[in-house]
Amino acid sequence: TDPPVPSAADAPHSAALLERARRVIPGGVNSPVRAFRSVGGTPRFMVRGLGPWLWDADGEKYVDLVCSWGPMILGHGDADVLRAVAEAAASGFSFGMPTEREVLLAEELVSRVGPVEQVRLVSSGTEATMSAIRLARGFTGRSVVVKFAGCYHGHVDALLASAGSGVATFGLPDSPGVPASAAGETIVLPYNDLAALEAVFAERGDQIAAVITEAAAGNMGVVPPAPGFTDGLRRVTARHGALLVSDEVMTGFRCSPSGWLGLEGVPGSGAPDLFTFGKVMGGGFPAAAFGGRADVMAMLAPEGPVYQAGTLSGNPVAAAAGLTTLQKCTDEVYARLGTVAATLAGAVEESFTRHGIPHRVQWAGSMFSVFFREGEVVDYDDARDQDVERFGRFFHAMLRRGVHLPPSCFESWFVSVAHDDEALEHAVRAIAGSAAEIA
Ligand code: PLP
């Protein structure tokens with residue numbers, strides 16, 4: 001039986017907090033997609049998370065399918081991570097000097113991702129991609145960067161063109177404040193289109209420092225690379241002396257013990273030169289990294305001339321959280337993530353089919369998203385061609401039934417190993433009820 005469905009206006013405490021927040025924080029949120037602009041209504045202010053569950057300021061309980069946009073792969077409040085964080089914090093919050101925990105975390109990353117010989121730790125995915133681009137430009141002595149429409153690499157000036165989810169949600173083609181000079185060094189191509197890449201390289205190959213791509217796109221909904229696409233990127237960049245940067249901030253340590261690389265394998269024509277990581281590797285704390293070929297990484301200060309730094313880089317508390325999280329990410333964990341995701345996606349397929357709701361589910365490991373359209377989605381144009389309004393109604397139908405989806409149809413759903421049978425049954429019931437409601 002369907003649980004009682006409260007009214008959407010039933011979030012008075014969140015609404016009051018939002019009103020206060022708006023006075024002191026633009027839009028009341030510290031990252032735009034949290035504001036619910038594309039789905040409407042009041043963003044829920046969270047007070048607590050445990051395992052797969054969240055509780056908001058009004059005492060409502062939700063199955064969390066956002067998982068902090070990826071990091072919370074073990075669910076909320078994992079006891080081992082909590083202990084590691086407490087131990088690290090008891091020894092000091094930050095030193096601005098090297099610590100053993102950074103070495104352990106770097107060793108863990110290097111051991112999981114074969115082609116990565118060295119890493120530099122930073123505090124956010126944005127910093128990781130920004131630094132990787134600077135390094136690629138320093139290494140090649142070139143300035144042009146190629147990215148793909150619908151791929152988001154953080155809010156780096158040069159990469160904030162046609163950047164998927166957050167930006168798509170607002171319908172902004174670009175952001176004011178990004179100088180034409182920064183955007184002018186960026187070439188945006190359609191994802192999964194090797195012919196377009198070949199054409200650009202034929203014309204400007206000697207100016208291109210790097211091609212950056214989401215290892216499997218997750219910021220226009222989930223759009224995996226077509227067979228041969230990653231290999232083609234490697235072949236073309238290598239031929240022209242440009243670096244290939246694989247952004248695994250979202251997919252890293254989530255799609256497999258290494259990331260998307262572990263699922264697709266190293267391309268026949270060779271591994272990417274640089275990788276970026278974030279999210280899971282911080283276990284919910286601010287830790288991210290970029291890394292790759294040792295000869296490229298040797299260009300970084302203090303070994304080389306390319307400057308890059310951070311007061312809180314390698315923060316011991318964040319490093320402890322990330323290291324413990326990764327150590328707990330065993331093969332069994334990835335198997336369970338797959339089961340959880342398959343159960344949820346299967347429920348969507350069944351309920352949407354029963355009610356005649358056009359849909360398409362796409363996958364990258366246990367990351368999946370539901371497009372409100374039919375037919376394969378291979379690029380950003382396809383992704384934008386869906387029923388955004390109907391997604392909004394589905395989102396709110398789910399929220400009222402106690403399931404918190406990402407508040408945008410351009411986002412992956414994220415699951416955790418803590419999503420137990422009780423949480424799954426609750427979510428599956430909500431999917432059935434919500435599909436009936438929006439039919
Ligand atoms: N790269 C990818 C693929 C991402 O999904 C994100 C964030 O969602 C970023 C980079 C930026 O990471 P952060 O939000 O930690 O700056």
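Keep in mind that what you see is a predicted model, and the values were worked out from it rather than measured.

### A word on the site of the ligand
Line of reasoning, step 1. Around the ligand lies a shell of 16 residues, among which Ser124, Gly125, Thr126, Gly154 and Val249 are the nearest.
Line of reasoning, step 2. Take the shell around the ligand: its biggest share by element is three residues, from helix α4 (residues 125-140).
Line of reasoning, step 3. In terms of residue class, the shell around the ligand is built from five nonpolar, nine polar and two charged.

### Some words on the packing of helix α7 (residues 194-204) against helix α8 (residues 229-239)
Angle between the axes and distance between the axes are the two parameters that describe a pair of packed helices.
Line of reasoning, step 1. Running from amino to carboxyl end, α7 crosses α8 at an angle of 10°, the nearest separation of the two axes being 10 Å. The orientation of α7 with respect to α8, classified from their angle, is roughly parallel. On α8, the residues that touch Leu194, Leu197, Glu198 and Phe201 of α7 are Phe229, Gly232, Leu233 and Val236.
Line of reasoning, step 2. Residues that form the contact of α7 with α8 fall into these classes: six nonpolar, one polar and one charged.

### Regarding the domain arrangement of the protein chain
Line of reasoning, step 1. When cut into domains, the protein chain gives domain 1 (12-77 + 330-438) and domain 2 (79-328).
Line of reasoning, step 2. Measuring from the centre of the C-alpha atoms in domain 1 to the corresponding centre in domain 2 gives 25 Å.
Line of reasoning, step 3. If you look at the interface, domain 1 gives 34 residues, while domain 2 gives 39 residues.
Line of reasoning, step 4. Of all the secondary structure elements, the ones that give two or more residues to the side of domain 1 that touches domain 2 are α12 (331-354), β11 (360-364), β12 (367-371) and α13 (380-384).

### Side note on the sheet that holds strand β2 (residues 53-56)
Line of reasoning, step 1. Across the sheet, which stays open at both edges, the four strands sit in the order β1-β2-β3-β13 with mixed pairing between neighbours. Whereas interior strands pair on both sides, the edge strands pair on one side only; in this sheet they are β1 (46-50) and β13 (403-404).
Line of reasoning, step 2. Helix α15 (residues 421-438) rests against β2, β3 (61-64) and β13 of the sheet, and its axis sits at about 95° to β3.

### What to know about the environment of Gly283
Line of reasoning, step 1. Looking at where Gly283 falls in the secondary structure, it is placed in the loop between β9 (274-277) and β10 (288-292).
Line of reasoning, step 2. Separated by 43 residues in sequence, Gly283 and Leu326 have C-alpha atoms that sit 7.9 Å apart.

### Structural notes on the pairing of β3
Line of reasoning, step 1. Two elements, β2 and β3, share three bridges in a ladder whose sense is antiparallel. What sits directly across from Leu54, in β3, is Tyr62.
Line of reasoning, step 2. Where β2 folds back onto β3 in an antiparallel hairpin, the turn is made up of four residues, including Gly59, whose phi is positive at roughly 80°.

Rules behind the numbers
Residues numbered from 1 in each chain as written. Predicted model: local features only at pLDDT ≥ 70, side-chain atom pairs only at ≥ 80, totals over all residues. Near = placed C-beta within 6 Å. Helix = DSSP H or I, 4+ residues; strand = E, 2+ residues; numbered from the N terminus. Nonpolar A, V, L, I, M, F, W, Y, C, P; charged D, E, K, R; others polar. Axes fitted to C-alpha atoms, helices over the stretch in contact; angles between N-to-C directions. Parallel < 35°, antiparallel > 145°, perpendicular 65-115°, else oblique. Contact = placed C-beta atoms within 7 Å. Domains from an automatic or database assignment. Pairing = 2+ DSSP bridges.

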